[in-house]
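Observations on the model geometry
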Amino acid sequence: MEALLLGVGLLLGAYVLVYYNLVKAPPCGGIASLRGRTAVVTGANSGIGKMTALELARRGARVVLACRSRERGEAAAFDLRQESGNNEVIFMALDLASLASVRAFATAFLSSEPRLDILIHNAGISSCGRSREPFNLLLRVNHISPFLLTHLLLPRLKTCAPSRIVVVSSAAHRRGRLDFTRLDRPVVGWRQELRAYADSKLANVLFARELATQLEGTGITCYAAHPGPVNSELFLRHIPGWLCPLLRPLAWLVLRAPRGGAQTPLYCALQEGIEPLSGRYFANCHVEEVPPAARDDRAAHRLWEASKRLAGLGHGEDTESDEDPQPEDPGTPSSLKNPHPEEPMASEHYPSPHGSPDLSKVTRRIPVKAEPKPQAS
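Residues numbered from 1 in each chain as written. Predicted model: local features only at pLDDT ≥ 70, side-chain atom pairs only at ≥ 80, totals over all residues. Heavy atoms only, no water.

The protein carries the name Dehydrogenase/reductase SDR family member 13 in an unreviewed UniProt entry, which gives Camelus dromedarius as its organism. If you open the UniProt record of the protein and go to Function (unreviewed entry), you find "Putative oxidoreductase." (UniProt positions renumbered as here; feature names shortened; annotations may be inferred.)

Pasting the structure below:
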């Protein structure tokens, strides 16, 4: 009996150590009031994104939930308005699997919203599910579409500077190894999905690093944020149904709640004084060193150029024209004034936005070019 009690005590003590050192997230501080400021959070209908949007709404920001599912997005916006007491929480349609939808979102946002102070790229997928696309769906949703969306919304971010961009990444980036000869090759099988997910998270970290370089001196700062081990839909979405009842209790014990996972992205969006750390990777609300592959400036620039091509962004073109035709999407699938430092569905086709600066030359303006067909490499 004594041995049993000792074993239980040791297990309980070990769990307490794990919980307070790995599971429990430090609370985000930062600016108390965001009144008069606007934030966009992608994938905000559930999980980390919803908790991030809730905290921003509680602090008085106008929050745009950029989600794929209209039904779930509208329901989340209603919930957040009720819970936060802030009526300025709205839904706008965004399907990151479709570049046409990204452009349509940018058009709708820029025509209706005069401000953008915070852009949080939270949405992501960990598996292709049953979808079989002629391109790397994980890279498209987790990196290429956020890259394009940043490009299209940059004029508004610059107008409202100081402003911030947060890219939600993952510790999985440490397993990533980008192969630029196969960057957009379709992903087949769970082994390739695991690799592609890690690669997309590495792309997030390199994107934030290069973006900080490109935007130096503009008043826009950007950060890659690791939310920690989180018990969210991303974790259970693609697990076989029979396995979920077994894993849910374990996940509840050893993974953070979505509210805890939202703390580091919120820290990067709101914490005062972290502007000199633009481009860095944050975990548990503090800057963290990354492996050599994630701080390779040559790889970051090479990824930047490849991302421009995959996003359909051209060179030396003039975006002042208002007569650009809608580019086809052949791959469409079935800091603040006082900063205190998804699920796939049928794609919709929208009109294309006009005018967006090239992030690689932030002082130049180029038009959105028709998206190139995926390269078979």
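1. Observations regarding the packing of helix α5 (residues 137-159) against helix α11 (residues 297-310)
In the contact formed by α5 and α11, the axes pass within 9 Å of each other and the chain directions differ by 90°. With respect to α11, the axis of α5 lies roughly perpendicular. Of the residues in α11, those touching α5 at L139, H143, I144 and F147 are L303, W304, S307, K308 and L310. The residue inventory of the contact of α5 with α11, partitioned by class, reads six nonpolar, two polar and one charged. (Axes fitted to C-alpha atoms, helices over the stretch in contact; angles between N-to-C directions. Helix = DSSP H or I, 4+ residues; strand = E, 2+ residues; numbered from the N terminus. Parallel < 35°, antiparallel > 145°, perpendicular 65-115°, else oblique. Contact = heavy atoms within 4.5 Å. Nonpolar A, V, L, I, M, F, W, Y, C, P; charged D, E, K, R; others polar.)

2. Section: the layout of surface pockets
Computed from the structure, the second largest pocket encloses a volume of approximately 280 Å³. Along the wall of the second largest pocket there are 14 residues; nearest its centre are N136, R182, R195, A196 and D199. With four residues, helix α6 (residues 190-214) is the largest single contributor of residues to the lining of the second largest pocket. Across the lining of the second largest pocket, the residue classes break down as six nonpolar, two polar and six charged. (1 Å grid on protein atoms, 1.4 Å probe; cavity = no way out; pocket = protein on both sides within 12 Å on 5 of 7 lines; lining within 4 Å. Points joined across faces, edges and corners; volume = space filled by probe spheres on them.)

3. Some points on the packing of α6 against α11
When two helices pack together, their arrangement is given by the angle between their axes and by how far apart the axes lie. The N-to-C vectors of α6 and α11 enclose an angle of 90°; their axes lie 9 Å apart at closest approach. Taken together, the axes of α6 and α11 lie roughly perpendicular to each other. For the pair formed by α6 and α11, the contact residues are A203, L206, F207, R209, E210, L211 and Q214 on the first element and D297, A299, A300, H301, L303 and W304 on the second. The residue makeup of the contact of α6 with α11, split by class, is eight nonpolar, two polar and three charged.

4. Some words on the packing of aromatic side chains
All told, the structure shown has six aromatic pairs when counted by the stated rule. Summarising the aromatic geometry, the rings of F147 and F207 are spaced 5.5 Å apart at their centres and angled 55° between planes, so their arrangement reads as tilted. Highlighted residues: F147 in helix α5 and F207 in helix α6, separated in sequence by 60 residues. Residues F147 and F207 agree in their burial class; the two are buried. With 6.0 Å between their ring centres and 45° between their planes, Y267 and F282 make a pair best called tilted. Remark: F282 occurs in strand β7 (residues 281-283) and Y267 occurs in helix α10 (residues 263-270); sequence separation between them is 15 residues. Through successive ring pairs, a cluster of aromatic residues spans F147, F207 and W304. The ring of F135 has R140 sitting right over it, with the charged end atom 3.9 Å from the ring centre. (Phe/Tyr/Trp six-rings, centres within 6.5 Å; stacked < 30°, edge-to-face > 60°. Buried < 20%, exposed > 50% of the residue type's maximum accessible area, 1.4 Å probe, protein only. Lys NZ or Arg CZ within 6 Å of the ring centre and 35° of its normal.)

5. Notes on α10
With eight of eight residues buried, α10 is to be regarded as a mostly interior element. Among all positions in α10, only Q263, T264, P265, L266, Y267, C268, A269 and L270 are buried. Where α10 is buried, its residues meet α2 (47-58), β4 (118-121), β5 (163-168), β6 (220-226), α9 (258-261) and β7.

6. Quick look at α2
Side chains that are three or four residues apart share a direction in an α-helix, a result of its 3.6 residues per turn. Compared with an ideal rise of 1.5 Å per residue, which puts 12 residues at 16 Å, α2 spans 17 Å between its outermost C-alpha atoms and is within 8% of the ideal. Here α2 lies mainly inside the structure; nine of its 12 residues are buried. Within α2, burial applies to I48, G49, K50, M51, T52, A53, L54, L56 and A57. G60 lies just past α2 and shows a positive phi near 100°. (Expected span 1.5 Å × (residues − 1).)

7. Quick word on the nonpolar core
The tendency in soluble globular proteins is for nonpolar side chains to be buried as a group. Among the nonpolar cores identified, the biggest contains 61 residues, and V40, F105, F109, L153, I165 and L183 are the most heavily contacted of them. Ranked by the residues each element gives to this core, the list is headed by α5, at 12 residues. (Core = buried A, V, L, I, M, F, W, Y, C linked by side-chain atoms within 4.5 Å.)

8. Here we look at the environment of I90
Within the secondary structure layout, I90 lies in strand β3 (residues 89-93). Look at I90 and you get partly exposed, because its relative accessible area is 23%. For I90, the residues in contact, after removing those within four places along its chain, are R62, V63, V64, L65, A77 and E113.

9. Details of the confidence of the model for the protein
The pLDDT averaged across the protein works out to 80; a share of 70% of its residues lies at or above 70. The low-confidence segment residues 13-22, where pLDDT is below 50, has six contacts with residues more than four positions distant or belonging to other chains. The low-confidence segment residues 334-377 (pLDDT under 50) makes 176 contacts with residues lying over four places distant or belonging to another chain. (pLDDT = per-residue confidence, 0-100.)

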